[in-house]
Number of protein chains: 4
Amino acid sequence: MQIGMMGLGRMGANMVRRLMRAGHECVVYDINPASVEALTSEGALGTASMEEFIGKLTKPRSVWLMLPAATTGKIADQVAELLEADDIIIDGGNSHYHDAVDQAAKLKAKGICFVDVGTSGGVWGLERGYCLMIGGPDEAVRHLDPIFATLAPGGDAAAPVPEEGLGTAPRGYLHCGPSGAGHFVKMVHNGIEYGVMAAYAEGMNILKAANSGKEHRDIDAETSPLQQPQYYQFDIDIAAVAEVWRHGSVIGSWLLDLTAGVLKNDPSLTQFGGRVSDSGEGRWTLKAAIDTGVPAPVLAASLFDRFSSQGESEFADKLISAMRYAFGGHVEKPKAGA
Amino acid sequence: MQIGMMGLGRMGANMVRRLMRAGHECVVYDINPASVEALTSEGALGTASMEEFIGKLTKPRSVWLMLPAATTGKIADQVAELLEADDIIIDGGNSHYHDAVDQAAKLKAKGICFVDVGTSGGVWGLERGYCLMIGGPDEAVRHLDPIFATLAPGGDAAAPVPEEGLGTAPRGYLHCGPSGAGHFVKMVHNGIEYGVMAAYAEGMNILKAANSGKEHRDIDAETSPLQQPQYYQFDIDIAAVAEVWRHGSVIGSWLLDLTAGVLKNDPSLTQFGGRVSDSGEGRWTLKAAIDTGVPAPVLAASLFDRFSSQGESEFADKLISAMRYAFGGHVEKPKAGA
Amino acid sequence: MQIGMMGLGRMGANMVRRLMRAGHECVVYDINPASVEALTSEGALGTASMEEFIGKLTKPRSVWLMLPAATTGKIADQVAELLEADDIIIDGGNSHYHDAVDQAAKLKAKGICFVDVGTSGGVWGLERGYCLMIGGPDEAVRHLDPIFATLAPGGDAAAPVPEEGLGTAPRGYLHCGPSGAGHFVKMVHNGIEYGVMAAYAEGMNILKAANSGKEHRDIDAETSPLQQPQYYQFDIDIAAVAEVWRHGSVIGSWLLDLTAGVLKNDPSLTQFGGRVSDSGEGRWTLKAAIDTGVPAPVLAASLFDRFSSQGESEFADKLISAMRYAFGGHVEKPKAGA
Amino acid sequence: MQIGMMGLGRMGANMVRRLMRAGHECVVYDINPASVEALTSEGALGTASMEEFIGKLTKPRSVWLMLPAATTGKIADQVAELLEADDIIIDGGNSHYHDAVDQAAKLKAKGICFVDVGTSGGVWGLERGYCLMIGGPDEAVRHLDPIFATLAPGGDAAAPVPEEGLGTAPRGYLHCGPSGAGHFVKMVHNGIEYGVMAAYAEGMNILKAANSGKEHRDIDAETSPLQQPQYYQFDIDIAAVAEVWRHGSVIGSWLLDLTAGVLKNDPSLTQFGGRVSDSGEGRWTLKAAIDTGVPAPVLAASLFDRFSSQGESEFADKLISAMRYAFGGHVEKPKAGA
């Protein structure tokens, strides 16, 4: 079937490719003409303006937006101006699910359907397929089923389970509820992702420290003594451990597969500085936990570690050093490397 | 080759079965004669006492202990009394790695080798194979290679990676270092497991609360108002979400596969009460993090949540209620169900 | 000076008393006539309706609202209907500071000033005075200075510091910024309060467990062994410890004073069940931390512990038990007391 | 009475001064002769060797050690060589309470008493008095009562409470139990201190960020948008807030008094770098919580924040960045100031 894709970054462009491979007709647009051109050369129908883009679509139009969260709302409003009743806007980006709830309510008055699709799969989705978490009105979601079925991995990506009662979930896409439900589920998905990543990272960091009994340690009142250095004499090959855990252990996962690959190539991770970005969904997950009174200490710890990695603990840490100086005369030791 | 297995519980018995399928000769012993009998009928050489068990083994003997952590030390001492130089004791249980370091030092004087093997795979290991994390002297570990190779999954359990430099890791077993290193790596493995499990559990709990805007909420000074109930109107099918995430999403994993299976059969988890046991390795991981000065907030949060599930927050919570009453006259609301 | 007080609960009534003692004229109103009557008998000018209440106030009117957060907004709107330009509404309750920002903007169009006053001091404020954190336009705050100066403790509540540059802070009240700033600072104050209370409570809980080496402990694979019971043989008198810490220790505080009093009377806290309420400000503090990217792991942990005490971990804990059963056949132990 | 003090650093020297002011006879020794000389000039009986030091003491001797935790054990052994039955060794440093338990058992064979005294009060103890948490045999503790009574603040440091049943606690010293109990209680005291300090520090950090709506924020997929900048427009005077909270608020404390003083002099804390040391007791508290199965998420978070401030998150953070790059092609942003 025909679909319009707007936003041809890493994610959008690959989704177009996956759709075209299955024979779907893709009308594409991006503010960067080079991005349009690249896909046109691969068979997409490129357009040079939002108006031309909408004009090429046949009714009822399906416009898939694959844009940064910070701009999606404004662009969706502009697109909506050009659409008519029964047309569909799909937001496949990492937008806040509140926006989907609000957009859907606003567009309903015009008869336009709003479908929010949480999309996981990253740069690997072109080959592996994308896991899709979908929110929106029933008929719009049904109408788009051929698109979803193509983008999703299909039934082979994980060991099969009996399918009764789970609908399309075993094929990698799921209609989760009304508008907003897709982004809500994707939000929680990313919140979990933060926690899982941090669990691996903390564990690996402990493995790395397994030889700390071999290191010299200052003996002064500002340094906690290592009480039993004989138990910290191991030089662990972390890359090999990540690899072995992939084979039969309880903590096997796709993130572990990636971790093993990363550590094999660069065990010291020299190409990274350790500033971990967060792009919103972890924050929103925590806010949802707070609103609903659900404890989420693990997810919170993983989010706050990212904030700390961005330097945002600094003032708090200075204040603690200042208190220690004030009551005990404790003088700060210099930062490593400072 | 020949191996002696002592401790024929869920794990030990299945390991014997996997070894016998590959043609290894298994001498077995357990204090429970029925466990011995069961395996004898499947082809193992059963014995009725520790002495008979040791007596049936040919030198150099290999004695694999698969016992609860709380008893391993004592039994290992008794076994060692019956062994001679060049014999090998293997501890495949969830013992503390300190014990392995100490045992190895003690047995070295007698010329007996101590090999510690962290074993992951649970009740699925018989078919899937066990992921093995091994510590001990080089030659003993080399001698046991045929056993390890059989118990481990082999090369098919995860997508292949180039094998250079990773040794046997891609086949699911790894010699991690001297005695204690195997249990150290297994300990951290389980610490990670706690964190990963908690991340999924917290996320699922948030999904479950996605309809809390539909619920009645008390309006009083002891209840935080839900500010935007319109955003919490989703009835999420959690089992279907767990299933869809298995297909192409970033958080796909074996634990998620199991979670999806569990939720499909019993979405309300009515057969569980929510008291989560912890059997030691999570605690030891945290202590190692503390000793080595490595921050592990996610792993700590997941461990402490287990403690809370065991009722161990109660006094602290009472004290907070008491403080609130003391400064503000706040009267406790009754516990749900009380 | 004259002030109107609406909402005569624990906080509002005592504030009226403290104001009258200092000679201020208090016009009072509450939907509960008995509350009005009680204060009338002590010298306040009681009123029977919102209209009568406003009618008794001389212009420019100052109306102090001391109401539950969930109703303040609606009542403020109704009051504003009856007011005129240059009148002042003061919100002294635990409202969300967003509401103060929004209300102030809305009322500005009518020329009405909105002043938000975070108030700490609890049931002790009548005698000790209330710590006031104030947001609002300069002249309205200046106009109310006699009221603030009376409600606040004055200069004796803590050891004196040189006052230059800190304005009225050493007397216990502070103009923190424009409308909303008062409630913002109060919100963070309460967030800190959660963390401090939890720190004491966790520590006391550890003291209580100092004799756990004397207890019987199951020996099975679901129970972590206590490795060195000889170090947990202390029967600590927790009430006496709380008392001694009040005298010269670094952790002396008013909350500790209250804790010591509580534990002296009821060391086992038998009158409390351990369900800790949260009334909003801890949640809002965390959301502000998340919005601004500031790590707040301690405040988050203390909030989430309250959620857990309310039973909200249950589904997550069940899911973890279910996973443990699925991969390892681990059977849940029953909850204590179940 | 007579007491021998060994270790004349910040703490030891001031304790000698406080004891001498009350008329006690102090024999002093330190490996640094200048420290001995300073106190000799103030009236102490200085000595030049451990042997001379012990020789000047009358039987039964009382030797108070005030040394870094890392050296206390070795020195205590040397001192014990020179002592006789009924002599007393007092360890007033921040030693691990395990050492006190072990030392006491060892010295008991020789008839020497071991008394462990946790000491809080910091550099202010000389004037305010020290809060003393005492472990050891009854008669030795009774014998030292005049010393403890002098070092402690006495009855005026906090508002009085009825004293029945609390023994000496209202005067600032407490016999907590057998040897080890004093250091155990002090350990938990410091664990709480970590949590309380972190609660203040996190809250202050949020106040500092209250103007973040005024800042420019990148718009890209690696930056979480600030959704409602209108609510983050406050420039809070943090020093003034710390000051006002000291007067009548629920979170008043001695640590807050110090914090207010610190912020008044240097609101930006420019003289600190933010590397927070930890000297052991926070670690030990967490280990005790883990051993006894008591949840301590707040204390853990405060400890791990210190580890992070020491740079120990770096590898974990790099690994998370590496995973994000691996699955999503996310490129790290540079660290601020890098």
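Quick notes on the rules
Residues numbered from 1 in each chain as written. Chains lettered and ligands numbered in written order. Predicted model: local features only at pLDDT ≥ 70, side-chain atom pairs only at ≥ 80, totals over all residues. Heavy atoms only, no water. Contact = heavy atoms within 4.5 Å. Buried area = accessible area lost by both parts, 1.4 Å probe. Polar contact = N/O pair within 3.5 Å; in protein donor to acceptor, adjacent residues only side chain to side chain. Helix = DSSP H or I, 4+ residues; strand = E, 2+ residues; numbered from the N terminus. Disulfide = S-S within 2.5 Å. Buried < 20%, exposed > 50% of the residue type's maximum accessible area, 1.4 Å probe, protein only. Least-squares fit on C-alpha atoms with pLDDT ≥ 70 in both. Salt bridge = Lys/Arg side-chain N within 4 Å of Asp/Glu carboxyl O. pLDDT = per-residue confidence, 0-100. Arc of directions from axis to C-beta. Core = buried A, V, L, I, M, F, W, Y, C linked by side-chain atoms within 4.5 Å. Expected span 1.5 Å × (residues − 1). Pairing = 2+ DSSP bridges. Axes fitted to C-alpha atoms, helices over the stretch in contact; angles between N-to-C directions. Right-handed = clockwise from strand over helix to strand, strands pointing away. Parallel < 35°, antiparallel > 145°, perpendicular 65-115°, else oblique. Left-handed = near helix turned anticlockwise from the far one by under 90°. Nonpolar A, V, L, I, M, F, W, Y, C, P; charged D, E, K, R; others polar. Phe/Tyr/Trp six-rings, centres within 6.5 Å; stacked < 30°, edge-to-face > 60°. Lys NZ or Arg CZ within 6 Å of the ring centre and 35° of its normal.

> What am I meant to see in the interface of chain B and chain A here?
Accessible area lost when the parts come together is the quantity often used to give the size of an interface. With 91 residues of chain B in contact, the opposing surface of chain A contributes 91 residues. Summing the contributions of chain B and of chain A, the shared interface buries around 7,600 Å²; its carbon and sulfur component is 71%. Ranking the residues of chain B by area buried against chain A places B:Ile206, B:Tyr231 and B:Val250 at the top, with a combined share of 10%. Between the two partners, chain B and chain A, sit 19 residue pairs in polar contact (both at pLDDT 80 or more). Counting residues per element, the ones that place at least two in the side of chain B that touches chain A are helix H5 (97–108), strand S7 (131–135), strand S8 (173–177), helix H9 (181–208), helix H10 (238–245), helix H11 (254–265), helix H12 (281–292) and helix H13 (297–309) of chain B.

> Is there a simple way to explain the state of the cysteines in this structure?
Think of a disulfide as a covalent bridge from one cysteine sulfur atom to another cysteine sulfur atom. Residue and element names in this part refer to chain A. Under the counting rule described, the total for this entry stands at zero disulfides over all chains. For Cys 131, which is in no disulfide, the shortest distance to another cysteine sulfur is to Cys 176 and amounts to 8.7 Å. Given the relative accessible area of 0%, Cys 131 is considered buried.

> Looking at this structure, I do not really get the relation of the copies chain B and chain A. What am I missing?
There are two copies of the chain, and a rotation about an axis plus a shift along that axis relates them. Mapping chain B onto chain A is achieved by rotating through 180° and translating by 0.0 Å along the same axis, at an RMSD of 0.0 Å. Here the transformation between the copies is reduced to the relation of a two-fold axis. Minimal C-alpha separation from the rotation axis in chain B is found for B:Ser253, amounting to 1.9 Å. Mapped onto chain A, 100% of the interface residues of chain B are again interface residues, and the two copies thus contact each other with one and the same surface.

> Which parts of the structure should I look at to understand the environment of A:Pro153?
With respect to the element layout, A:Pro153 can be found in the loop between helix H8 (145–151) and strand S8 (173–177). For the pair formed by A:Pro153 and A:Glu127, sequence separation is 26 residues and the distance between their alpha carbons is 8.5 Å. Once you skip the residues sitting within four places of it in the chain, A:Pro153 turns out to touch A:Arg18, A:Arg128, A:Gly129, A:Tyr130, A:Cys131, A:Arg171, A:Gly172, B:His247 and B:Gly248.

> Explanation requested: the interface of chain A and chain C in the structure shown.
With 20 residues of chain A in contact, the opposing surface of chain C contributes 20 residues. Taken together, the two surfaces of chain A and chain C that pack against each other cover about 1,700 Å², and 74% of this comes from carbon and sulfur. Summed over the shared surface of chain A and chain C, the result is two salt bridges. The salt bridge involving C:Asp291 is made with A:Lys287; its shortest N-O contact spans 2.5 Å. Counting across the chain A and chain C interface gives six residue pairs in polar contact (both at pLDDT 80 or more). When residues of the side of chain A that touches chain C are traced back to their parent elements, those giving at least two are helix H12 (281–292) and helix H13 (297–309) of chain A.

> So what exactly am I meant to see when it comes to the relation of the copies chain A and chain C here?
With an RMSD of 0.0 Å, chain A superimposes on chain C once it is rotated by 180° and translated 0.0 Å along the axis. In this assembly the copies share their binding face: 100% of the residues contributing to the interface of chain A also contribute to that of chain C.

> Teacher, can you tell me more about the confidence of the model for chain A here?
For any part of a model where pLDDT is low, the fine detail of the predicted coordinates should not be relied upon. The predicted model of chain A averages 93 in pLDDT, with 96% of residues at 70 or higher. The ipTM assigned to the predicted complex is 0.94, against a pTM of 0.95.

> Help me out: how do you make sense of helix H2 (residues 33–40) of chain B in this one?
An α-helical turn contains 3.6 residues, so a residue and the one three or four places further along point in the same direction. All names here are of chain B. Looking at H2, one finds that the buried residues are Ser 35, Val 36 and Leu 39. Burial along H2 is one-sided: seen end-on, the buried residues are contained in an arc of 100°. Turned more than 90 degrees away from the buried face of H2 sit Pro 33 and Glu 37, all of them exposed. Of the surrounding elements, those touching the buried residues of H2 are helix H1 (10–21), strand S2 (25–29) and strand S3 (45–46). At the N-terminal end of H2, a side-chain oxygen is found 3.1 Å from the backbone nitrogen of Ala 34, two or three residues along, and the residue is Asn 32.

> Where do I start with the nonpolar core in this structure?
As a rule of thumb, soluble globular proteins bury nonpolar side chains together. A:Trp245, B:Trp245, C:Trp245 and D:Trp245 are the most contacted members of the largest nonpolar core, which has 288 residues in total. Setting aside residues up to four positions removed in sequence, C:Trp245 forms contacts with C:Met204, C:Leu207, C:Ile251, C:Gly252, C:Leu256, D:Cys131, D:Met133, D:Val185, D:Val188, D:His189 and D:Ile192.

> So what exactly am I meant to see when it comes to the pattern of salt bridges here?
Between side chains of opposite charge, pairing is possible as soon as their charged atoms come close. Residues and elements named next belong to chain D. The full count for this structure, using the stated rule, is 48 salt bridges over all chains. With a shortest N-O distance of 3.2 Å, Lys 318 and Glu 314 are connected by a salt bridge. Note that Lys 318 and Glu 314 are positioned in helix H14 (residues 314–328) at a spacing of four residues, about one turn of the helix. Residue Lys 318 is classed as buried on the basis of its relative accessible area, which comes to 13%.

> Looking at this model, I keep getting lost on helix H4 (residues 69–82) of chain C. Mind explaining?
With 14 residues, H4(C) ought to run about 20 Å at 1.5 Å a step, and its terminal C-alpha atoms sit 21 Å apart, in line with that. Every buried residue of H4(C) is listed here: C:Thr72, C:Ile75, C:Ala76, C:Val79 and C:Ala80.

> When you look at unusual backbone geometry in this model, what are you seeing that I'm missing?
Where the residue is not glycine, phi is negative for most of them; where a peptide bond is considered, it is trans in most cases. Of note, the bond from C:Lys59 into C:Pro60 is cis; its omega dihedral lies within 30 degrees of zero at -10°. Phi angles above zero are rare outside glycine, and C:Asp86 is one such case at about 80°. A residue is classified by how much of its surface remains accessible, and C:Asp86, at 55% relative accessible area, is exposed. Backbone geometry places D:Leu269, a non-glycine residue, at a positive phi of 55°. Positionally, D:Leu269 belongs in the loop between helix H11 (254–265) and helix H12 (281–292).

> Would you take a moment to explain the sheet that holds strand S7 (residues 131–135) of chain D for this structure?
Adjacent strands of a sheet form backbone hydrogen bonds with each other and so pair up, either parallel or antiparallel. All names here are of chain D. Read across the open sheet, the eight strands follow the order S3-S2-S1-S4-S5-S6-S7-S8; overall the sheet is mixed. The open sheet has two free edges, formed respectively by strand S3 (45–46) and strand S8 (173–177), since each of these has just one partner strand. With four bridges connecting them, strand S4 (residues 62–65) and strand S5 (residues 88–91) associate as parallel partners. In the sheet register, Trp 64 faces S5, and the bridge partner there is Ile 90. Running over the sheet, helix H5 (residues 97–108) touches S5 and strand S6 (113–120) and is turned about 155° from S6.

> Would you mind showing me how to read the pairing of strand S1 (residues 2–6) of chain D here?
Working note: regular strand, side chains alternate between the two faces of the sheet. All names here are of chain D. Most of S1 is tucked away, with five of its five residues classed as buried. Neither face of S1 is exposed, since Gln 2, Gly 4 and Met 6 on one face and Ile 3 and Met 5 on the opposite face are all buried. Bridging between S1 and strand S2 (residues 25–29) involves five bridges; their strand directions are parallel. Looking at S2, one finds that Met 6 is bridged to Tyr 29. Note that the unit made of S1, helix H1 (residues 10–21) and S2 has a crossover that is right-handed.

> Even after reading the chapter, I still don't get the packing of helix H10 (residues 238–245) of chain D against H11(D), so can you show me in this structure?
To characterise two packed helices, one gives the angle between the axes of the helices and the distance between these axes. Residue and element names in this part refer to chain D. The interhelical angle for the contact between H10 and H11, taken along N-to-C directions, is 155°, at an axis separation of 8 Å. Relative to H11, H10 is oriented roughly antiparallel. Between H10 and H11 lies a crossing whose hand is left-handed. Side by side, H10 and H11 meet where Ile 238, Ala 239, Ala 242, Glu 243 and Trp 245 of the first sit next to Leu 256, Ala 260, Leu 263 and Lys 264 of the second. Of the residues belonging to the contact of H10 with H11, the class tally is seven nonpolar, no polar and two charged.

> Help me understand the packing of H12(B) against H12(D), please; the structure alone is not making it clear to me.
As a packed pair, H12(B) and H12(D) sit with axes 10 Å apart at the nearest point and diverge in direction by 175°. The orientation of H12(B) with respect to H12(D), classified from their angle, is roughly antiparallel. Residue-level contacts link B:Arg283, B:Leu286, B:Lys287, B:Ile290 and B:Asp291 of H12(B) to D:Arg283, D:Leu286, D:Lys287, D:Ile290 and D:Asp291 of H12(D). Here the residues of the contact of H12(B) with H12(D) are counted per class, giving four nonpolar, no polar and six charged.

> Please explain the sheet that holds strand S8 (residues 173–177) of chain C as it appears in this structure.
Residues and elements named next belong to chain C. Strand order in the open sheet formed by eight strands is S3-S2-S1-S4-S5-S6-S7-S8, and the pairing between neighbours is mixed. The open sheet has two edge strands, strand S3 (45–46) and S8, and neither has a second partner. Strand contacts of helix H5 (residues 97–108): strand S5 (88–91) and strand S6 (113–120), with the helix running at about 155° to S6, the strand carrying the most contacts. Running at roughly 20° to S6, helix H9 (residues 181–208) makes contact with S5, S6, strand S7 (131–135) and S8 of the sheet.

> Can you walk me through the pairing of S5(D) in this structure?
Residues and elements named next belong to chain D. By the alternation rule, side chains of S5 split into Ile 88 and Ile 90 and Ile 89 and Asp 91, which are all buried. In the classification by handedness, the crossover that spans S4, the intervening helix H4 (residues 69–82) and the parallel S5 is right-handed. One ladder, built from four bridges, connects S5 with S6; its direction is parallel. Counterpart to Asp 91 in the pairing with S6 is Asp 116. The handedness of the S5 to S6 crossover, carried by H5, is right-handed.

> What's the story with the packing of aromatic side chains in this structure? I'm lost.
Both the distance between ring centres and the angle between the ring planes are used here to describe each pair of aromatic rings. In this structure the tally under the stated criterion is 44 aromatic pairs over all chains. Centre to centre, the rings of D:Tyr29 and D:Phe53 are 6.2 Å apart; their planes meet at 35°, and the pair counts as tilted. Within this pair, whereas D:Tyr29 is found in strand S2, its partner D:Phe53 is found in helix H3 (residues 50–55), the two being separated by 24 residues in sequence. In this pair, the class of D:Tyr29 matches that of D:Phe53, namely buried. Taken together, the aromatic side chains of A:Tyr97, A:Phe184, B:Tyr231, B:Tyr232 and B:Phe234 make up a single cluster linked through ring pairs. Here the guanidinium or amino end of B:Arg128 rests over the ring plane of B:Trp254, the centre of that ring lying 3.8 Å away. A cation sits over an aromatic face here: D:Arg306 above D:Tyr194, 3.6 Å from the ring centre.

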